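So you can see what is in the structure, the chains are spelled out below.
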Amino acid sequence: MLKISRFFPIAPIGAYLVALAAGVALPLLIFVGYLMTELESNERAILANETAEDAQLIARSVDRELQDMATTLRILVTSPELKNGDLKAFHNRTQNSLRSNSLYVLVVDSDGQQKLNTRVPFGTPLSKVSNLSEFQSVLRNGVTEASSVFYGATSGKHVFNITMPLPKEVSAAGAAMIITQNAEDLQKLVSAEGLAAGWSVAIVDGMGNVVTSVGADTFASGSAFPAHTLKLMTGFKGTIEDMSGDRRQIYGYSQITGWTWKAVVWGPIDTAQASILTTWRQLIGGGAVFLAVAMLIAWLVGRQLRIPIRQLAQMAERMGRGEIVSPVETKIREANQVAVALSNASFDRSEAEDRIHLILHELVHRTKNILTLVQAMMRQLARQDTTMDEFQKAISGRLQGLGKSIEALAKEQWSGVSIRRVVEIHMSTFGDVAERVEVQGENFTLKAEAVQNLGLILHELATNSVKYGALSTPHGKVRIAWKDLLEDEADEVKLRLVWEEKDGPLVHAPSRTGFGTTIVKRHAAAAFGGQVEIDFNPQGLCWRLTAPRAAFERGEGADDLKDIAI
């Protein structure tokens, strides 16, 4: 088999990726197809948005017409002829002023009987209004409303009304005034000239009947608009798609503000996507040829990339078995760099594993020390005459304090915690009383074992104070202070730590020694190699620990993994 690798020079991997990208055409075709799909989706979204906007524009035109009719009613109500009860003069004046607008006015009694109708001469016998139920609804609600479309007995055509109850000052003339218009006269507001071929427009009243309609699929005035489509038209404005028929259709609708009517624009989706379908056919034909050529090129380039990848994979497998590997030489510069990095990583891994073994060894020692302290704590408490509930509470509280110290050390990777931070951590356990604890002294970093031991001591002192001491009363206070002392000829610096309570209840020396006393006295002295003094002053307990500062402070370059003394 011909070794084509010799025809490829040592070059950056970018050159090979460019060749591979030129050969692997399938992802590109998929991406182009995705873009075409997105384009189709975007065009459909644009079509939906434009359809909704068209419906809203028509709704605004109809709304202006209805508002003008309602305004005309409000003006007519103020006519002096109506106030004077001269219906004939009002009829003649109104008939002349509205004749050019194709609007007609009716004055109607509360039972629906027409008193005048400007469609006919004054005095012509008149019947009750045709839409009596809607008329009575207006009287009950007391607001101006637009009626549904209905067949007018006087006009002999489908009409709609704007009805307004008459105010009390003109109630003698009638119960309500109606301005009516032929439904066909609204066609001038719903022209389909700006829409695509095959599209239609309709105005639908609150009962689901068509007021007027124009376009390819028109409905007669008074006919019912498809109920299943109207049910989907929720909200003030929007679009819906109907796939139930032979053609996919999109409906845009908009509620006419302040009225129960809505404007609807609809038409076939395919008319807006003919160009997309043509592009799809061209893409499929050209893509098949392009894909065949691209797959051949990708196969040739893939063979050249396969060799160094296999070499790097073999290096990785050897690293997985824990071996230290040397770098391999390939024809790709970046692959050579990866090989060098893998070789270096094999050395780093070996060192890291040694470090992990050391940490695990030290962790075992730390765990043993902590368990030893817990066992000692439990033995001491078990010797006391306590109930199981008191035993559990005592153990739980001390373990919680020990856990806070360990958690603080773990966050600092066992390198130590500042003394102020240790005080804050253990005082915060006791809630609001921490606000009555005053802390004084220069801050410094405690070594790991000092964090644990000081934490136990502070927890015991605070627990005792909350139960019996200053913190058990609302006004009691505690002062925690520390300072350096220079006491011996060797110039050894010592630290004096003081816990002082005041404003609490009267203090008495305890009658017996418990585990808490053992912690704050014997354990404190032994853990820090110092002396403990406890004064049970009547005005407040005072606890003092004097020990070498070196027993507290973490020295420079101290080993973070040394055992904790307990």
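In case you missed it, the structure is sitting above this.
Let us look at the structure shown here. Just so it is clear, the structure is predicted and the values come from calculations on it, not from any experiment.

Together, Phe 31, Tyr 34 and Leu 35 make up an exposed nonpolar region whose accessible area comes to about 310 Å². The partly exposed category is assigned to Leu 35, whose relative accessible area is 41%.

Here we take up helix α5 (residues 132-141). Listed in full, the buried residues belonging to α5 are Phe 135, Ser 137 and Val 138. Along the axis of α5, the buried positions cluster into a sector of 155°, meaning they face one direction only. Facing away from the buried side of α5 by over 90 degrees, the exposed positions are Ser 133 and Arg 140. Contacts from the buried residues of α5 go to β1 (104-108), β3 (145-146), β5 (158-165) and β6 (176-182). Where α5 ends, the next residue or the one after it, Gly 142, has phi of about 75°, a positive value.

Bringing the nonpolar core into the picture now. Core analysis: the largest hydrophobic core is formed by 46 residues, its most contacted members being Leu 66, Ile 162, Met 177, Ile 203 and Trp 261. Take this core: its biggest share by element is twelve residues, from helix α2 (residues 26-77). Setting aside residues no more than four positions away along its own chain, Leu 66 makes contact with Phe 160, Ile 162, Ile 256, Trp 259 and Trp 261. Of all hydrophobic cores here, the second largest spans 35 residues; its members include Val 417, Val 437, Leu 471 and Val 520.

The strand order across the open sheet formed by five strands is β13-β15-β16-β18-β17, and the pairing between neighbours is mixed. Of all strands in the sheet, those bounded by a partner on one side alone are β13 (437-440) and β17 (531-537). Across the sheet, the mean angle separating the axes of adjacent strands is 15° when strand polarity is ignored. In this sheet, strand β18 (residues 540-548) lies alongside β17 in antiparallel orientation, the contact comprising seven bridges. Counterpart to Glu 533 in the pairing with β18 is Arg 544. The sheet contacts of helix α11 (residues 448-467) involve β15 (477-486), β16 (493-502) and β18, and relative to β16 the element is tilted by about 20°.

Basis of the calculations
- Residues numbered from 1 in each chain as written.
- Predicted model: local features only at pLDDT ≥ 70, side-chain atom pairs only at ≥ 80, totals over all residues.
- Heavy atoms only, no water.
- Patch = residues over 30% accessible without salt bridge, like charges linked within 9 Å, V, L, I, M, F, W, Y side chains within 5 Å.
- Areas by Shrake-Rupley, 256 points an atom, 1.4 Å probe, with all protein chains shown as cover.
- Salt bridge = Lys/Arg side-chain N within 4 Å of Asp/Glu carboxyl O.
- Buried < 20%, exposed > 50% of the residue type's maximum accessible area, 1.4 Å probe, protein only.
- Helix = DSSP H or I, 4+ residues; strand = E, 2+ residues; numbered from the N terminus.
- Arc of directions from axis to C-beta.
- Contact = heavy atoms within 4.5 Å.
- Core = buried A, V, L, I, M, F, W, Y, C linked by side-chain atoms within 4.5 Å.
- Pairing = 2+ DSSP bridges.
- Axes fitted to C-alpha atoms, helices over the stretch in contact; angles between N-to-C directions.

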